[in-house]
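Now for the letters of each chain:
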Amino acid sequence: MTEPTNTQPKLASSAGGSIYDLGYQGYQGRRLARRDVLVSLYGQTLRACYGIGRGARAKIVPFTLAGLALIPAIIAIGIAAIIAQAGPAGSRFDSISPIRYHTYASAIAVFVMLFCAAQAPELFGRDQRFGVLPLYFSRGLPRMDYAVARIGGLVGGLLLMVLVPQALLFIGRLLTAADPGTGWRLESPNLLPILLQGLLTVLLLGGIAAVIASHTPRRAYATAAIIALFIVPPVIVELVTQTGRTGLGRYLVLLSPGDILEHTNGALFRAFADGPDVLGRDLPDVAYFVAVSAIIVLTFGLTIRRYWRIAV
Amino acid sequence: MTTDRTVAGSPAELAAPGASIVVDHVSRWYGNVVAVNDISFSLSAGVTGLLGPNGAGKTTLLHLISGLLRPSAGGVTVAGVPAWRHPAMYRHVGLVPEREAVHGYLTAREFVLLNARLQGVVNAEAATQRVIATVELQDAADRPINTYSKGMRQRAKVAGALVHDPAVLLLDEPFNGMDPRQRLHMMGLLRGMAAAGRTILFSSHILEEVERMADSVLVIHAGRLAASGDFRSIRRLMTDRPHTFTIRSSDDRRLAAALLADPAVFGAELGDGKLSVRTADFEGFGRALPRLARVAGISLFEITPTDESLESVFSYLVRR
Amino acid sequence: MITRMPLIAVTLRGVLGRRRTWLMILLASLPVLVALLIRAGGGQPNATTILDTLLIRTVMPLLALVFGTAALGSELEDGTAIYLMVKPIPRWHILLAKMAVAASLTIALVFPVTVLTGLITDGRDALSLAEILGYALVVSAGGAAYACAFVALSAFTGRALILGLGYVLLWEGVLSGLLEGTRFLSIRQASLGLAAQVTGNVTTPPALDLATSAAILVAVVAGAILLGSMRLSRFEIRGSDG
C-alpha cells in the first residue's frame, strides 16, 4: 500500500473564484493489519451465508434449512427426556432410537447439500456477476486473502449448521442422564467423532460448492451443478455396487462425496465411540480419509487459483 | 411516412380526437413508500418531456403508463384502452426502458426482427431493415448486442420499439450514452414522428435535452406532479418568485434609480457593465421599462430575461 | 402456434446456451453410461432399478428443473422478459410457449436415454421393446409435468430453482415417502405408478394405480398452466431491489 499523502488543500481566492478549506485531510491514523481485513471479510461472508444484512427474503432459504437440521435434535431431546422419566427400563428404547450421533450426519446431509447449493453461489458468484471484484482487489486485500475469507465464511456457516444441532443433542442427553457423572461418561466419547466428522463434512461439501460457485457466476448454473454433483454420484454408486462386486464399484465410491462421508463417519465413531459396524466396507478406512483430504485440497486449491487468475 | 403497417390500428386512426395517454389520479405505493402520488394528466400528439430529479418517480410513472405496474389507485388509459392487463394495447405502444438489458446473444437485426414478429408486423424483414437504417446501426447490425457500446445498445432498443410504427412512444432516459451527433439525430427523428401525429413521452434529468425537444414538460418531484405545460408559461405562473432581467443601457445607475421607484420592481443590482433587475410582474415590467427609459433619456441596448431557462424553472419547482 | 414461433425460437436460443446444453446432455446420458459400466464390469444391470432410481428419481427431475427454470426464469431474472411482455400477445400464450420449450427439451433428452438404457440392460428382468417404449413414454410424461410445474413456479419467484430442488429432494425424496397419505402430491410417485403399470413390477408400498397417476400428472400440467397464466397476466416489473 502506498503511503497516504497529506492532501490538505490550500486556501486561495482571487477575483474569479475561491477555494474553501473544508478541513479535508488525508488519513494519518493507525491502519489495521492485513489480518483484521481478512477477519472482517470473513465475518461479512459468514453473515451473508445466513442472509443477515440483506432483506428478509435472503434469510428464508438458509434459515429454513438450518431449522430443518435442528428438528431431529429437538425431537431426540424430547424423546430422551421422556425416556429418562421412564427410568432404567427406558434405556432399551435408547439404543434403538433412530436419532443417534452417528446417524445424525447422514440424516441432515440433504439439508447441508441444499444449503451449499443455495448459498455458495451467493457468496462466490455475486461479486463476479456485479463486477465488484476490482473494488476488492484494488484495496490492500491480496487475492489469496479474499478467497480464503470467502471459503472460511462458507465453512463457518456450514459448521454452525452441522454442529449446533449435534451440540444441542449432546447437551440434551447430558441433562437427561441419570446423573452428570454417568451422563458424561456415556456421551463424551462422541465429542471427538462429532467434531471431526462435522469438520470433514463441511470442508468437503463446502469445498466442492466453492469451486463450482467461484467458476460459475450465474446462480442457476452453479446451484444446479452443485446439487447434481452431490446427489447423482451416490445413486450411481448404489446401482453399480448393487449388481455385484464389480471391481470398479469399489473405487467409484471414492468419487461420491456422500458415500465418502458415510464411511468416514462410520470409521470415526467406531474408532472413538464404539459405534456399530454396519456398513459394508470394501476399502480400508484410511482410503476414505485419503480421498476426503485429496478432494478438499484439490477444491480449495482450485478455488484460490480461480481468484488468483481471474481477470478483473 | 411508411408503407409497412402493423396489422391493425395505424397512427392515423389514433390521431383522431381524444388524448392518447390519459393518467387519472394515479398513485403507486410500495408499503409505506409512495412512489407516485396522485398524478393526473393527458397527452396527445407531440413531444412531452418528463422531468425530475433521480428518484422522483419518472421510471415508475413510465412503467405505470406502459402497463408494467399496477396502479395502487387511479387508472391509466393508453390509446383508449386501460394499460393494466390489456396486452392488446401494446400494438400501438413502443417502450424503450432504461434499465433492462437486451438479449446479449442476439444481433441487433435479430432483436429488432424478434420485436417485429412478436408485434405481428407484416413484412417484418423490410421493417427491420428500415428501422435499423433509421437508427444508423447498419454496420453493426449483425454483431451480437453484447459487443456493443452503451450508445449502440440504446439505439438497438429504440429500433426495437419503433419497428411496429407505434402511435405512442415511451422512452426512459433515451439519450443515455449517446454521443452528441447520435443525440441530435435521434431528437430529429422523434420530432419528426411527433409532427406526424404520434405521442411521445420521454423522461430525462438533463435539462438541455428537454428544452430542445419537448413541446411541453411534466415536472415531477417526489412522486408528485409539480407543474405541466410549456415551461415558459410555467415560469410566468411562478409569481411568488421575481423574474430577473439583465439590462445594458447608456446609464445603468440612473436607470436603476428610476426603476426602483416603480412598485413592480423588487431590486436592482449593478454589476460590471450590466444591470440586474428583479421584478414580480413580467408583463408589466416589459411595458414599464421602455417608458421609464424614454422619460429619463436613457438608451437601452440589451434586455435579457435571465432566469427563463428550464433550469431555473426546474430548480425552483423542486426546491419548493 | 406458427405466430408464436419467434417466441419459441428465442426461448430455445436462450435456454440452449453452449455450456448448459453439453452439461445437460452429460447428465442425461448418465443412466446409459452407468448401464454400460455395469455390463463392462461383468455385472447384470437391473433395468427397472436403474430406470426407477437413476432416471425417474434423479436425472429426470433435475433436467426438467434446469430447463423449466431457465425457460422463463432466466429472462425474468436478467430483465429481458420485458420485451416479451410489452407485446400484444396474451400472457398465457407466452407461458405455453415457454412450457412447450422446457417440456420438449426434457423429453428430447429423456426419451432416447430411456430407450437406450432399456436396450442395454438385458440382464435379469429384461424389458421387452414394448415395455421399454412404454417406459420411455412414462418418463416423458413425468418429465413434461415437472417442466411445466417449474416454469409456472419461476413465474412466481426468482428462487424457483432452489425451491424446486427442495420439492424434489425434501418433499418427494423424504417426506412423501414417510407419509403415505401425501403420496398423491408427488409427481415422482405418479411417474413411478405409471411405470409400475408398464413393467408390471410390484413394490411395497404398492405404487399408485393407473387412474390416480395419470390424473395427478394431468392435474399438475393443468394447474401449472392455469396458475402460471394468472400470475403472468399480472406481471409487474420488479423494483430496483428485486
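Predicted model, so just to flag it, every value in this text is computed and none were measured.

**Considerations on a nonpolar patch on the surface**
Residue and element names in this part refer to chain C.
- Together, L23, L26, L33 and L36 give the surface a local cluster of nonpolar side chains, amounting to about 350 Å² of exposed area.
- Secondary-structure elements contributing two or more residues to the nonpolar patch are α2 (18-28) and α3 (30-40).
- As for its placement among the helices and strands, L33 is situated in helix α3.

**Remarks on the state of the cysteines**
All names here are of chain A.
- Evaluation of the coordinates by the stated rule reveals 0 disulfides over all chains.
- Note on C49: no disulfide assigned, nearest cysteine sulfur contributed by C116 at a separation of 8.4 Å.
- Residue C49 is classed as buried on the basis of its relative accessible area of 0%.

**Things to note about the packing of aromatic side chains**
All names here are of chain A.
- Applying the stated rule across the entire model yields 11 aromatic pairs over all chains.
- Between Y136 and Y146, the aromatic rings sit 5.1 Å apart at their centres with planes inclined by 55°, giving tilted as the arrangement. Highlighted residues: Y136 in helix α6 (residues 133-137) and Y146 in helix α7 (residues 143-175), separated in sequence by 10 residues.
- For Y136, a relative accessible area of 22% translates into the label partly exposed.
- Take Y146: its relative accessible area is 0%, and that puts it in the buried class.
- In textbook terms, an aromatic cluster arises when at least three aromatic residues are bridged by ring pairs, as seen for Y136, F137, Y146 and Y307.
- One cation-aromatic arrangement involves R218 over Y221; the distance from NZ or CZ to the ring centre is 5.1 Å.

**A few points about helix α13 (residues 285-309) of chain A**
Residues and elements named next belong to chain A.
- Helix length check: α13 (25 residues) gives 36 Å between terminal C-alpha atoms against 36 Å at 1.5 Å per residue, within 8%.
- Listed as buried for α13 are A287, Y288, A291, V292, I295, I296, T299, T303, I304 and Y307.
- Next to the buried residues of α13 lie α5 (109-129), α6, α7, α9 (191-215) and α12 (257-273).

**Digging into the interface of chain A and chain C**
- On the chain C side, the residues contacting the 32 residues of chain A number 29 residues.
- Around 2500 Å² of area is buried between chain A and chain C when both sides are counted, 76% of it from carbon and sulfur atoms.
- Put simply, chain A and chain C have 1 salt bridge between them.
- The closest approach of N and O atoms between C:E77 and A:R129, which form a salt bridge, is 3.7 Å.
- Looking at the side of chain A that touches chain C element by element, the count peaks at 14 residues for helix α10 (residues 219-242) of chain A.

**Describing the sheet that holds strand β10 (residues 224-229) of chain B**
Residues and elements named next belong to chain B.
- Overall, mixed pairing links the 6 strands, which are arranged β6-β7-β8-β3-β9-β10 in an open sheet. A strand with exactly one partner marks an edge of an open sheet, and here the two such strands are β6 (93-96) and β10. Taking the axes of each pair of neighbouring strands and ignoring which way they run, one obtains an average angle of 15° across the sheet.

**Focus on the packing of α2(C) against helix α4 (residues 47-78) of chain C**
Residue and element names in this part refer to chain C.
- Where α2 contacts α4, the two axes come as close as 10 Å, and the packing angle between them is 160°. One way to sum up the angle between α2 and α4 is to call them roughly antiparallel. Of the two possible hands of crossing, α2 and α4 adopt the one that is left-handed. Here R20, M24, L27 and A28 of α2 lie close against α4, whose contacting residues are V59, L62, L63, V66, F67 and A70.
- Residue classes in the contact of α2 with α4 are distributed as 9 nonpolar, no polar and 1 charged.

**Describing the environment of A:Q128**
All names here are of chain A.
- Here Q128 lies in helix α5.
- Note: C-alpha distance between Q128 and V312 (184 residues apart in sequence) is 8.9 Å.
- When sequence neighbours within four positions are dropped, the list of residues in contact with Q128 reads L133, A213, S214, P217, R306, Y307 and I310.
- A polar contact is formed between the side chain of Q128 and the side chain of R306, at a distance of 2.9 Å.
- A distance of 3.3 Å separates the side chain of Q128 from the side chain of Y307, its partner in a polar contact.

**Re the sheet that holds strand β2 (residues 33-43) of chain B**
Residues and elements named next belong to chain B.
- One open sheet accounts for 4 strands, arranged β2-β1-β4-β5; its pairing is antiparallel. The strands lining the two open edges of the sheet, one partner per strand, are β2 and β5 (81-82).
- When strand β1 (residues 21-30) meets strand β4 (residues 73-78), the two strands line up antiparallel, connected through 5 bridges. When the bridges of β4 are listed, S27 appears paired with A73.
- Packing of helix α2 (residues 58-65) onto the sheet brings it into contact with β1, β2 and β4, and relative to β2 it is tilted by some 60°.

**Here we look at helix α3 (residues 108-118) of chain B**
- Most of α3(B) is tucked away: 8 of the 11 residues are buried.
- Residues of α3(B) that are buried include every one of B:A108, B:F111, B:V112, B:L113, B:L114, B:N115, B:A116 and B:L118, and no others.
- In this structure, the buried residues of α3(B) make contact with α4 (124-134) and α5 (150-162) of chain B together with α1 (5-15) and α5 (82-85) of chain C.
- One or two steps after α3(B), the chain reaches B:G120, where phi turns positive at roughly 75°.

Conventions adopted
Residues numbered from 1 in each chain as written. Chains lettered and ligands numbered in written order. Predicted model: local features only at pLDDT ≥ 70, side-chain atom pairs only at ≥ 80, totals over all residues. Heavy atoms only, no water. Patch = residues over 30% accessible without salt bridge, like charges linked within 9 Å, V, L, I, M, F, W, Y side chains within 5 Å. Areas by Shrake-Rupley, 256 points an atom, 1.4 Å probe, with all protein chains shown as cover. Salt bridge = Lys/Arg side-chain N within 4 Å of Asp/Glu carboxyl O. Helix = DSSP H or I, 4+ residues; strand = E, 2+ residues; numbered from the N terminus. Disulfide = S-S within 2.5 Å. Buried < 20%, exposed > 50% of the residue type's maximum accessible area, 1.4 Å probe, protein only. Phe/Tyr/Trp six-rings, centres within 6.5 Å; stacked < 30°, edge-to-face > 60°. Lys NZ or Arg CZ within 6 Å of the ring centre and 35° of its normal. Expected span 1.5 Å × (residues − 1). Contact = heavy atoms within 4.5 Å. Buried area = accessible area lost by both parts, 1.4 Å probe. Pairing = 2+ DSSP bridges. Axes fitted to C-alpha atoms, helices over the stretch in contact; angles between N-to-C directions. Parallel < 35°, antiparallel > 145°, perpendicular 65-115°, else oblique. Left-handed = near helix turned anticlockwise from the far one by under 90°. Nonpolar A, V, L, I, M, F, W, Y, C, P; charged D, E, K, R; others polar. Polar contact = N/O pair within 3.5 Å; in protein donor to acceptor, adjacent residues only side chain to side chain.

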